[in-house]
Amino acid sequence: MGNRWSTGEQRFSESQIRQMEDNTNVLHITERSIAYQPTFKLAALKAYQEGKTPAEIFREAGFNLDMIGRENPNRCLKRWRRTFASQGEAGLLEEQRGKGSTGRPAAEQSMEKKLAQAEARIKLLEAENDFLKKLEALERQAQQNQR
């Protein structure tokens, strides 16, 4: 369900796979590739638009850049920005198998996957709300300090 990053020649060890499986931002991992949660992709794009670097975003999300590759965050953000620009949010939420894919039909998704997606989406929206509340409080404080 989503863009995968291939390590090329590098392969993840069993312990690295287990470690990354514990990261809630990982949808699926094999010895050669990582598929990221759609909500992580959306949150990463938002953080990027707010000025964070791809490396900061991935580090803060619990990824070891030495393990996944130092260029991986840049490649992922570039690909996700391109997908978002052409297909919007749906492009990051749906399966992308090959160019021009319309994704896996929603009817084929299990209830567990649908629930997991909904829960992840709720977490993202809650985080956005918290961010906006903090931003509003900072703006109010700045206005009061100007008076």
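Residues numbered from 1 in each chain as written. Predicted model: local features only at pLDDT ≥ 70, side-chain atom pairs only at ≥ 80, totals over all residues. Heavy atoms only, no water.

Caption draft 1: Quick look at the overall build of the protein. Across its full length, the protein carries 7 helices and 3 strands. Ordered by position in the sequence, the α and β elements of the protein form the string β-α-β-β-α-α-α-α-α-α. Evaluated residue by residue, the protein yields a buried proportion of 34% over its 147 residues. Sequence-distant contacts, at least 24 apart, represent 57% of the contacts inside the protein between residues at least 6 apart. Summing over all exposed atoms, the protein offers an accessible surface of approximately 9600 Å²; the carbon and sulfur share of this is 49%. (Helix = DSSP H or I, 4+ residues; strand = E, 2+ residues; numbered from the N terminus. Buried < 20%, exposed > 50% of the residue type's maximum accessible area, 1.4 Å probe, protein only. Contact = heavy atoms within 4.5 Å. Areas by Shrake-Rupley, 256 points an atom, 1.4 Å probe, with all protein chains shown as cover.)

Caption draft 2: Seen up close, the packing of aromatic side chains. One pass over the structure, following the stated rule, counts 9 aromatic pairs. Seen in terms of ring centroids, Tyr36 and Phe40 are 5.8 Å apart; in terms of plane orientation they differ by 40 degrees. Their pairing is tilted. In terms of burial, Tyr36 and Phe40 fall into one category: buried. Their ring planes at 75 degrees and their centres at 5.5 Å tell us that Tyr36 and Trp80 sit as a pair that is edge-to-face. One end of the pair, Tyr36, is in strand S3 (residues 33-36); the other, Trp80, is in helix H5 (residues 72-87), with 44 residues separating them in the sequence. (Phe/Tyr/Trp six-rings, centres within 6.5 Å; stacked < 30°, edge-to-face > 60°.)

Caption draft 3: Inspection of the packing of helix H2 (residues 38-49) against H5 at higher detail. Viewed as axis vectors pointing N to C, H2 and H5 meet at an angle of 95 degrees, and their least axial separation amounts to 10 Å. The orientation of H2 relative to H5 falls into the category roughly perpendicular. Contacts from Phe40, Lys41, Leu42, Ala44, Leu45 and Tyr48 in H2 reach Leu77, Trp80, Arg81 and Phe84 in H5. Across the contact of H2 with H5, the residue classes break down as 8 nonpolar, no polar and 2 charged. (Axes fitted to C-alpha atoms, helices over the stretch in contact; angles between N-to-C directions. Parallel < 35°, antiparallel > 145°, perpendicular 65-115°, else oblique. Nonpolar A, V, L, I, M, F, W, Y, C, P; charged D, E, K, R; others polar.)

Caption draft 4: Highlighting the nonpolar core. Tyr36, Phe40, Phe58 and Trp80 are the most contacted members of the largest nonpolar core, which totals 24 residues. Counting only elements with at least two residues in this core, the list comes to helix H1 (14-21), strand S2 (26-29), S3, H2, helix H3 (54-60), helix H4 (65-68) and H5. (Core = buried A, V, L, I, M, F, W, Y, C linked by side-chain atoms within 4.5 Å.)

Caption draft 5: How the structure looks around the environment of Asp22. With respect to the helices and strands, the residue Asp22 is situated in the loop between H1 and S2. Since its relative accessible area comes to 66%, Asp22 is described here as exposed. Once the C-alpha coordinates of Asp22 and Gly62 are considered, the two residues, 40 residues apart in sequence, prove to be 9.7 Å apart.

Caption draft 6: Layout of the packing of H2 against helix H7 (residues 111-146). Contact geometry for H2 and H7: axes closest at 9 Å, N-to-C directions at 20 degrees. In terms of axis orientation, H2 runs roughly parallel to H7. In this structure, H2 meets H7 at a crossing whose hand is right-handed. On the side of H2, the interface is formed by Pro38, Thr39, Leu42, Ala43 and Lys46, while H7 contributes Gln117, Ala120, Arg121, Leu124, Glu128 and Phe131. Residue composition of the contact of H2 with H7, grouped by class: 6 nonpolar, 2 polar and 3 charged. (Left-handed = near helix turned anticlockwise from the far one by under 90°.)

Caption draft 7: Representation of the pairing of S3. Alternating positions in S3 separate into two faces, Ser33 and Ala35 on one and Ile34 and Tyr36 on the other, with burial throughout. Sheet topology note: the S2/S3 ladder contains 3 bridges and is antiparallel. Across the sheet, Ile29 pairs through a bridge with Ile34, a residue of S3. (Pairing = 2+ DSSP bridges.)

Caption draft 8: Structural detail: the side chain of Asn72. Note on placement: Asn72 falls in helix H5. Owing to a relative accessible area of 0%, Asn72 belongs among the buried residues under this scheme. Within polar-contact distance, the side chain of Asn72 engages the side chain of Tyr36 at 2.7 Å. (Polar contact = N/O pair within 3.5 Å; in protein donor to acceptor, adjacent residues only side chain to side chain.)

Scope: geometric values only; no functional claims are made or implied.
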